[in-house]
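Results of the structural survey
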Amino acid sequence: MTLIVNAEVESTPGTDVRIVGSRITEIGRGLAAGTAAVVDARGGALIPGLTDHHLHLHALAADSVSIRCGPPQVHDGPALAAALESAPGDEHGWVRGVGYIDTVAGDLDAAALDRLHARRPVRVQHRSGAMWVLNSAAIAATGLAAADHPGVERDASGAPTGRIWRADDWLRERLPAGRPPALGAVGAELTRLGITTVTDATPDLRPGSLTAIAEAVASGEVPQRVHLLGAPLAGAPLHPRMSVGPYKIVLADSGLPDLDALAGAIRAAHAVGRPVAAHCVSRESLLILLAVLHEVGTLSGDRVEHGALVPRETIADLARLGLRVVTQPGFLAHRGDYYLREVEPRDLPDLYRCRSLLDAGVPLALSSDAPYGPLDPWAVMAAAIAREAPTGEVVGADERISAAAALAGYLSPAKDPGGPARQIVVGGEADLVLLHVPVAEAWAAPAAELVRLTVIGGHRYPAP
Ligand SMILES: [Zn+2]
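Residues numbered from 1 in each chain as written. Predicted model: local features only at pLDDT ≥ 70, side-chain atom pairs only at ≥ 80, totals over all residues. Heavy atoms only, no water.

1. Description of the coordination of the zinc ion
What counts, and what does not: Metal sites are built from N, O and S donor atoms within 2.8 Å, or 3.2 Å for Na, K and Ca, and they leave out water, so they may look incomplete. Where helices and strands are cited, they refer to DSSP runs of H or I of at least four residues and of E of at least two residues respectively, numbered from the N terminus. For every residue, the accessible area (1.4 Å probe, protein chains only) is compared with the maximum for its type, and the residue is labelled buried under 20%, exposed over 50%, or partly exposed between those bounds.
Bound to the zinc ion on the protein side are His54 (NE2), His56 (NE2) and Asp369 (OD), at distances that span 2.1 Å. Within one chain, the residues donating to the zinc ion are spaced in sequence as H-x1-H-x312-D. Of this pair, His54 sits in strand E6 (residues 50-55) while Asp369 sits in the loop between strand E20 (364-366) and helix H14 (377-386); the two residues are 315 residues apart in sequence, bridging distant segments of the chain. Here His54 and Asp369 have matching classes, each one buried.

2. With respect to the side chain of Arg96
Condition: Note on charges: Lys and Arg go in the positive column, Asp and Glu in the negative column, and His and the chain ends are not counted at all. We count a salt bridge whenever a side-chain nitrogen from Lys or Arg sits within 4 Å of a carboxyl oxygen from Asp or Glu. Polar contacts here mean pairs of N or O atoms no more than 3.5 Å apart (in protein, one a potential hydrogen donor and the other a potential acceptor; neighbouring residues in sequence count only if both atoms are side-chain atoms). Contacts are assigned to residue pairs that have any heavy atoms within 4.5 Å of one another.
The topology assignment puts Arg96 in strand E8 (residues 95-100). One buried charged side chain, Arg96, makes no salt bridge at all; its nearest oppositely charged neighbour is Asp63, positioned 5.2 Å away. In this structure the side chain of Arg96 is engaged in a polar contact, spanning 2.7 Å, whose partner is the side chain of Ser66. Look past the residues within four positions of Arg96 in its chain and what remains in contact with it is Ala62, Asp63, Ser66, Ile67, Arg123 and Trp132.

3. Re the pattern of salt bridges
Taken as a whole and assessed by the stated rule, the structure comprises 20 salt bridges. For Glu173, the salt bridge goes to Arg206, with nearest N and O atoms at 2.3 Å. One end of the pair, Glu173, is in helix H6 (residues 168-174); the other, Arg206, is in the loop between strand E13 (195-200) and helix H8 (207-219), with 33 residues separating them in the sequence. You can call Arg206 partly exposed: its relative accessible area is 33%. Each of Arg283, Arg346, Asp347, Asp350, Arg353 and Glu399 takes part in one network of salt bridges that share partners.

4. Some thoughts on the domain arrangement of the chain
Test applied: For each domain, the first and last residues come from an automatic or database assignment.
Partitioning the chain into domains gives domain 1 (1-49 + 422-464), domain 2 (51-57 + 181-421) and domain 3 (66-172). The centre of domain 1, based on its C-alpha atoms, is set 46 Å off from the matching centre of domain 3.

5. Here's the deal with the packing of helix H9 (residues 259-271) against helix H10 (residues 283-296)
Applicable threshold: To get an axis, a line is fitted to the C-alpha atoms, and for a helix only the part in contact is used. The angle between two axes follows their N-to-C directions and goes from 0 to 180 degrees. Should an angle lie under 35 degrees it is considered roughly parallel, over 145 roughly antiparallel, and from 65 to 115 roughly perpendicular; all remaining angles are considered oblique. In a left-handed crossing the near helix is turned counterclockwise from the far helix by less than a right angle, and in a right-handed crossing that turn is clockwise. When residues are sorted by character, Ala, Val, Leu, Ile, Met, Phe, Trp, Tyr, Cys and Pro go into the nonpolar class, Asp, Glu, Lys and Arg into the charged class, and all the rest, Gly among them, into the polar class.
Contact pair H9 / H10: the axes reach a minimum separation of 10 Å and the direction vectors enclose 55°. Between H9 and H10, the angle is such that the two are oblique. The element H9 and its partner H10 pack so that their crossing is right-handed. The residues of H10 that touch H9, namely those facing Leu259, Leu262, Ala263, Ile266 and Arg267, are Ile288, Leu289, Val292, Leu293, Glu295 and Val296. Its residues assigned to classes, the contact of H9 with H10 shows 9 nonpolar, no polar and 2 charged.

6. Re H9
For the record, the criterion: Working rule for helices: expected span equals 1.5 Å times residues minus one. Picture the helix axis, draw a direction to every C-beta atom, and the arc is the one those directions span.
The end-to-end C-alpha distance of H9, which contains 13 residues, comes to 18 Å, matching closely the 18 Å that a straight helix rising 1.5 Å per residue would cover. Taken together, the buried positions of H9 are occupied by Leu262, Ala263, Ile266, Ala269 and His270. Looking straight down H9, one finds its buried side chains confined to an arc of 130°; they lie on one side. With respect to the buried face of H9, the exposed residues turned more than 90 degrees away are Asp260 and Ala271. Here H9 starts with a cap whose side-chain oxygen sits 3.0 Å from the backbone nitrogen of Asp260, and that cap is Asp258.

7. Digging into the environment of Glu399
Note on placement: Glu399 falls in the loop between H14 and helix H15 (403-411). Residue Glu399 is classed as buried on the basis of its relative accessible area of 3%. Taking the C-alpha atoms as reference, Glu399 lies 8.9 Å from Leu351; in sequence the two are 48 residues apart. The contacts of Glu399, once residues within four sequence positions are left out, are Pro349, Arg353, Cys354, Arg355, Ser356, Ala384 and Arg387. Engagement of the side chain of Glu399 in a polar contact is seen with the backbone nitrogen of Cys354, the distance being 2.8 Å.

8. A few points about helix H2 (residues 77-86)
Within H2, the full set of buried residues consists of Gly77, Leu80, Ala83 and Leu84. Taken around the axis of H2, the buried residues stretch over an arc of 125°, which confines them to a single face. Those residues of H2 that are exposed and angled more than 90 degrees off the buried face are Pro78 and Ser86. Summarising the contacts, the buried residues of H2 are in contact with strand E7 (67-68), E8, helix H3 (102-105), helix H4 (110-116) and strand E9 (122-126). Capping of H2 at its N-terminal end is provided by Asp76; its side-chain oxygen lies 3.0 Å from the backbone amide nitrogen of Ala79.

9. Structural notes on the sheet that holds strand E17 (residues 276-280)
Going by this rule: Paired strands are those between which DSSP finds at least two bridges.
A sheet is described by the order of its strands in space; here 5 strands give the open sequence E16-E17-E18-E19-E20, paired in parallel fashion. The strands lining the two open edges of the sheet, one partner per strand, are strand E16 (247-250) and E20. Strand-to-strand twist of the sheet, defined as the mean angle between neighbouring strand axes without regard to direction, takes the value 25°. When E17 meets strand E18 (residues 303-306), the two strands line up parallel, connected through 4 bridges. Its bridge partner being in E18, Ala277 is matched across the sheet by Arg303. Most of the contacts of H9 go to E16, to which it runs at about 175°, and overall it touches E16 and E17.

Listed below in structure tokens is the structure:
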């Protein structure tokens, strides 16, 4: 039992909240402590726990033991070669790099990677998460030349170029055997940030990945509730803190998807009652998704992931079709200067839209896409409010949203992203965040350091 006293709750200061088991049982003033553990909020805000509506648990865990291959740590080829050389490598001698972009050492392939590091097998992931590049030692070790996966890029002679597109699970099976990376550190970091629920957006989770997530949830390594977009259409091993969400579909970032295949995938998910969560980063992929949804119809809960480019003329269509958008303005804070230089000027107003979607009545949820975007929800909220690039330039001033709207982007339930914000009510789940300061102060300068205590299912996790 926990009694939180003197908190600001739903803008009422001096409020006490009693938690028994996993539920809120009483809200009022001057509640008797009895045998409960008392937490004096000292006027700090008590808000519902945050939901990160799109991240990748195992990629986050793997990311923390990988070397950085892009800005801000690495800016050019010599720096990348040095980073690869000094990487300790895993127990099989492999080096795993993440965060590469072409501005570092050009269009990377096996030959280019060999020039940077040939001594050990190396795999480097593009910052988008869509592509891996293997050097020659890694190509040999994985038997890539004989592989039959369509994601294995080949040159005119049929030899692998070293680039592998959207085939993470397939690639993992060809790497030296290892268990999926442990999730305990990720769970602790999420808790520190005030996140009580996550949506794992990894497509087509393999049984081994699913089981590992379920085990980490059951053991408490991941204390959060976990909503899965990559659970198979037919059943999945679940813990009571886990749930199955819309079915993740990836529309290619470049090139045109097969319309019939896309329509078929959407119909198959809808047929078993699963809405779809469609990865759409480019203008073309969103237009194609909308065209196909007009043909096959929508299901309540269908969502667009990222919406990195939402052309103005599609906004009314998104609203009409009842689609919701799960987006990541945190990318602006990390890469906004790159966007300002590299994105076509006509596309800039369409980048990571927020305000125009809300104004049009499109439900909008915020998320990190971590490890590809910054995980910290407070930093993402700050980015949604200010839309400042690392250089301080503002990217899409018209798309800035209020602090209240930014927080609401993290307060809708995992099962209703962009829906009404969860509230602190008697009978509700005790998934809560206690801040050091009242909400108005937090809004003035959102920061993870403001989190004092996270409560998940009634369990207290004080910030370290
Ligand atoms: Zn993602």
